[in-house]
Amino acid sequence: MASHGTRGRSGGRPTLEEVAARAGVGRGTVSRVINGSPRVSDATRAAVEAAVAELGYVPNTAARALAANRTNAIALVVPEPETRFFAEPYFSDILRGVGAELADTEMQLLLIFAGSDRERQRLAQYLAAHRVDGVLLVSVHADDPLPDLIAQLEIPAVISGPRSAAETLPSVDSDNYGGARSAVEHLLARGCRNIAHITGRLDVYGAQRRVDGYRDALLAAGHEVDELLIVQGDFTEEGGQRAMRELLARSPVPDAVFAGSDVMAAGARQTLREAGRRIPDDVALVGYDDSAIARHMDPPLTSVRQPIEEMGRRMLDLLLTEIADSRPAASRGLERRQVVLATELMTRASA
């Protein structure tokens, strides 16, 4: 019968100490390799992995987690109502990316909604008990107390987009400013002159940066920014409909609209249809996210693609690094901890 791994000296399962002896390293080094710590050289990692394979060592996950004071669980926290989570493709794409990156680990993922005060209080108690090793925060608003609470509890955390330019937590975001500029520059190149912008919630830093990109694209082309052509939305379809009704009631009536999300663009499209305005003949329309909504809209929507699934993967990768790094967060600096991914304008029939 074929043997499944070498027996340890005691005749039972190989031990961590035996792996260390075979690899010629200390017990702590073996532990760091098995736990995925980045603070191990490639040569040492290879030696330990070879020893693990030769001996057939199988880590005792529960014992390892207990010894390291770990839970082998991370929380994906969404400080929004559940209805928004299931209505917007952004969240499911983030979740898909996190899940794909998590598949090769032994970690469990907990999805936690914290859209109400009661849910936030319950979450605070849960986190204070240190029942997770780390937290991924998605859709964080500027005045949200959760990031500071998590920092006070010294729980590793990564957020999907900084709260401000002075963000101290690790974050992963797309180039909101550059994406917005590319959308407006495209509309200007089509000959559009009265370009409106339906913003997202302006307590979200990413929405602020999209407004900055919109403004700077107009100014760079020698156009004044007409404040009447900027209407605040809230990333919902209803918000897009309401904002578009406001724009149609103002003067000048826009000949193009850049919406801060595909969902809001869908709402704007509905209002334009009801008003008898043709897309793109009367009003060109551009969205943001390049979600399935953009591809299935009639006409198909020109949209700024942000790599949302990749953002989810990078968030988890960054969080696992934070968890493995035992140094205090303040001593690590922000190098490589503020990740910004490129965007791309996907041109379709709407503009």
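Just so you know, these numbers come straight off a predicted model, no measurement behind them.

Some details on the sheet that holds strand 12 (residues 344-346)
Strand order in the open sheet formed by six strands is 7-6-8-9-10-12, and the pairing between neighbours is mixed. What marks the edges here is a single partner per strand, and that holds for strand 7 (230-232) and strand 12. Here the average twist between neighbouring strands, direction ignored, is 20°. In terms of strand pairing, strand 9 (residues 284-289) meets strand 10 (residues 302-305) through four bridges, oriented parallel. Across the sheet, Val286 pairs through a bridge with Thr302, a residue of strand 10. Contacting strand 6 (195-199), strand 8 (256-259), strand 9, strand 10 and strand 12, helix 9 (residues 176-189) crosses the sheet at an angle of about 165° to strand 9. In this fold helix 10 (residues 205-220) packs onto strand 6, strand 7, strand 8 and strand 9, with an angle of close to 170° to the strand it touches most, strand 6.

Overview of the environment of Leu123
Relative to the helices and strands, Leu123 resides in helix 7 (residues 117-128). On a C-alpha basis, the gap between Leu123 and Ile74 in space is 13 Å, while along the polypeptide they are 49 residues apart. If sequence neighbours within four positions are ignored, Leu123 has contacts with Val77, Ile112, Ala114 and Leu146.

Quick look at the pattern of salt bridges
If you walk through the whole model with that rule in mind, you get 24 salt bridges. Between Glu80 and Arg84 there is a salt bridge whose closest N-O contact spans 2.6 Å. Neither residue differs from the other here; Glu80 and Arg84 are each classed as buried. A salt bridge links Glu167 to Arg163, with the shortest nitrogen-to-oxygen separation between them at 2.7 Å. Grouping residues by exposure puts Glu167 and Arg163 together as buried. Because the salt bridges share partners, they merge into one network encompassing Asp93, Arg96, Glu309, Glu310, Arg313 and Arg314.

Describing the nonpolar core
Counting 42 residues, the largest nonpolar core has Val184, Leu187, Ile195, Tyr214 and Phe258 as its most contacted members. Elements that contribute at least two residues to this core include exactly helix 9, strand 6, helix 10, strand 7, helix 11 (237-248), strand 8, helix 12 (262-274) and strand 9. Ignoring sequence-local partners within four residues, the contact set of Phe258 consists of Ala180, Ala183, Val184, Leu187, Ala196, His197, Ile198, Arg210, Tyr214, Val286, Gly287 and Tyr288. In this structure, Ile74, Leu102, Val138 and Leu316 belong to the second largest nonpolar core, which totals 24 residues.

Comments concerning the pairing of strand 3 (residues 134-137)
Covered by surrounding structure in strand 3 are Gly134 and Leu136 together with Val135 and Leu137, the residues of both alternating faces. Direction of pairing for strand 1 (residues 73-78) relative to strand 3: parallel, over a ladder of four bridges. For Ile74, the partnering residue across the bridge sits in strand 3 and is Gly134. Sheet topology places strand 3 next to strand 4 (residues 157-159); three bridges connect them, and they run parallel. Note on strand 4: the bridge partner recorded for Leu137 is Ile159.

Thresholds, definitions, all that
Residues numbered from 1 in each chain as written. Predicted model: local features only at pLDDT ≥ 70, side-chain atom pairs only at ≥ 80, totals over all residues. Heavy atoms only, no water. Pairing = 2+ DSSP bridges. Helix = DSSP H or I, 4+ residues; strand = E, 2+ residues; numbered from the N terminus. Axes fitted to C-alpha atoms, helices over the stretch in contact; angles between N-to-C directions. Contact = heavy atoms within 4.5 Å. Salt bridge = Lys/Arg side-chain N within 4 Å of Asp/Glu carboxyl O. Buried < 20%, exposed > 50% of the residue type's maximum accessible area, 1.4 Å probe, protein only. Core = buried A, V, L, I, M, F, W, Y, C linked by side-chain atoms within 4.5 Å.

In short, shape yes, function no, at least from these values alone.
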